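Tertiary structure, described
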Amino acid sequence: MKRRKFLKNSSTATAALVATPFLTSCKEEVNPSKAGVAANTKAIYPIVICTWDFLNASTKAWEVLSSGGNALDAIEQGVKVEEDDVTNQTVGTGGRPDRDGTVTLDACIMDKDGNCGAVLAMENIANPISVARKVMEDTPHVMLAGQGAEQFAYEKGFKKVNLLTEQSRLEWWEWKKTSEYKPIINIENHDTIGMLAIDKNGDIAGGCTTSGMGYKMAGRVGDSPIIGAGLFVDNEIGGATATGMGEEVVRTVGSFLIVELMRQGKSPQEACEEGVKRIMAKNEGRNDFQIGFIAINKKGEIGGYCIQPGFTYRTYSEEGHINNPSESYVS
Ligand code: GLY
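The following refers to the structure shown. Given the structure is predicted, the values throughout are model-derived calculations rather than measurements.

Here we come to the overall build of the chain. Each helix and strand counted, the chain has 10 helices and 16 strands in total. For the chain, buried positions account for 59% of its 331 residues. Considering only intrachain contacts with a sequence separation of at least 6, the fraction spanning at least 24 residues in the chain is 66%. Carbon and sulfur atoms make up 50% of the accessible area of the chain, which amounts to about 13,600 Å² in all.

The following block contains the structure:
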């Protein structure tokens, strides 16, 4: 309900000025040959951007960035806020279960050096983003799935928790009466948090975490933990991340596509629009689903675009925090 209420009120961007006692934003020349951007433009960072109006998560990430922390820590600390929010039924603890009543979580993280880690369909662990970071930093692998991911988490000191809250359990019981599976656009079903950050050194990191589609088939995994689909970062160019119907994002390797489009000279906004158009080209006549992309380039320029009206994305920088209503393919 909280998200629905917000979406009704999201047609106008809300901005607030932010006191930044810790740090002055960096403004430096960007090497155009490396960044794929116009010559003599200024880069402004730190900055964080995330899907939807996740104010608490972006505030936490900004706290890390504005006190001089690095982008990777900002991402992990930021998205963890949503993983720990039991009222958020699309990420972490409190997430909606699959159709068998089991909550399974997906997450991935990527750093400035192209290192990445992911966990897929992991049960009983509250912070998949932190386990994904451990996969990245402490193993020779990129992805761990299911019981292997859970076992690894225990070995790293994570505690077993019950991810199914009473609210989500009761709603699942209600759903079982019909077992009708029809994802409803913008209604509590795909509110993945994807986050991108640039720190004071100009380095970029990103993360993406979700409980996936509510009442999905057991074992279903979407785009969110798939590097290139739900998230991609190239420290020379920028980053992109996605929310929405993961299957369609995977089919176009959406986030990688958007970063590559920025490499070719498109702005983050143009690249996000092209990413959505590629998906729609494969779904002629069908627009009954939502996908939202956000992107940032090396300069700290941002963009966002979606299929259906209603998607927003939040930015936080020295200039303030703002909830941006996204333009959409369908008017
Ligand atoms: N984008 C989240 C999912 O489809 O699982």
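The rest of the description comes next.
In the vicinity of the ligand, the contacting residues are Thr-192, Gly-212, Arg-220, Gly-222, Asp-223, Ser-224, Gly-244 and Gly-246. For the ligand, a nitrogen atom lies 3.3 Å from a polar atom in the side chain of Thr-192. Between the ligand and Arg-220 there is a distance of 2.6 Å, counted from an oxygen atom to a side-chain nitrogen or oxygen. A total of 190 Å² of accessible area belongs to the ligand in isolation, and the protein chains cover 100% of it. Its residues assigned to classes, the shell around the ligand shows no nonpolar, 6 polar and 2 charged.

Before going further, it helps to spend a moment on the pairing of strand β10 (residues 231-234). Here β10 shows no split at all, with Leu-231 and Val-233 on one side and Phe-232 and Asp-234 on the other all buried. Note: β10 against strand β11 (residues 238-244), 4 bridges, orientation antiparallel. Paired with Phe-232 across the two strands is Ala-240, which belongs to β11. Hairpin remark: β10 followed by β11, antiparallel, with 3 residues in the connecting loop.

Now for the packing of aromatic side chains. Inspection of the entire model under this criterion finds 6 aromatic pairs. Each ring, one from Trp-52 and one from Phe-311, has its centre 5.1 Å from the other, and the planes form 85°; the classification is edge-to-face. Here Trp-52, found in the loop between β4 (47-51) and α3 (55-66), pairs with Phe-311, found in the loop between β13 (302-306) and β14 (312-317); they are 259 residues apart in sequence, far enough to count as distant. For the residue pair Trp-52 and Phe-311, the accessibility class agrees, reading buried in each case. Through successive ring pairs, a cluster of aromatic residues spans Trp-52, Phe-311 and Tyr-313. When the ring centre of Trp-173 is taken as reference, the NZ or CZ atom of Lys-176 above it lies at 5.0 Å.

Now for the packing of helix α4 (residues 71-84) against helix α5 (residues 128-138). The geometry of α4 relative to α5 is characterised by a closest axis approach of 8 Å and an angle of 150° between their N-to-C directions. Comparing their axes, α5 and α4 come out roughly antiparallel. Along the contact surface, α4 presents Leu-72, Asp-73, Glu-76, Val-79, Lys-80 and Glu-83, while α5 presents Pro-128, Ile-129, Ser-130, Arg-133, Met-136 and Glu-137. Considered class by class, the residues forming the contact of α4 with α5 number 5 nonpolar, 1 polar and 6 charged.

Calculation criteria
- Residues numbered from 1 in each chain as written.
- Predicted model: local features only at pLDDT ≥ 70, side-chain atom pairs only at ≥ 80, totals over all residues.
- Heavy atoms only, no water.
- Helix = DSSP H or I, 4+ residues; strand = E, 2+ residues; numbered from the N terminus.
- Buried < 20%, exposed > 50% of the residue type's maximum accessible area, 1.4 Å probe, protein only.
- Contact = heavy atoms within 4.5 Å.
- Areas by Shrake-Rupley, 256 points an atom, 1.4 Å probe, with all protein chains shown as cover.
- Near = heavy atom within 4 Å.
- Polar contact = N/O pair within 3.5 Å; in protein donor to acceptor, adjacent residues only side chain to side chain.
- Nonpolar A, V, L, I, M, F, W, Y, C, P; charged D, E, K, R; others polar.
- Pairing = 2+ DSSP bridges.
- Phe/Tyr/Trp six-rings, centres within 6.5 Å; stacked < 30°, edge-to-face > 60°.
- Lys NZ or Arg CZ within 6 Å of the ring centre and 35° of its normal.
- Axes fitted to C-alpha atoms, helices over the stretch in contact; angles between N-to-C directions.
- Parallel < 35°, antiparallel > 145°, perpendicular 65-115°, else oblique.

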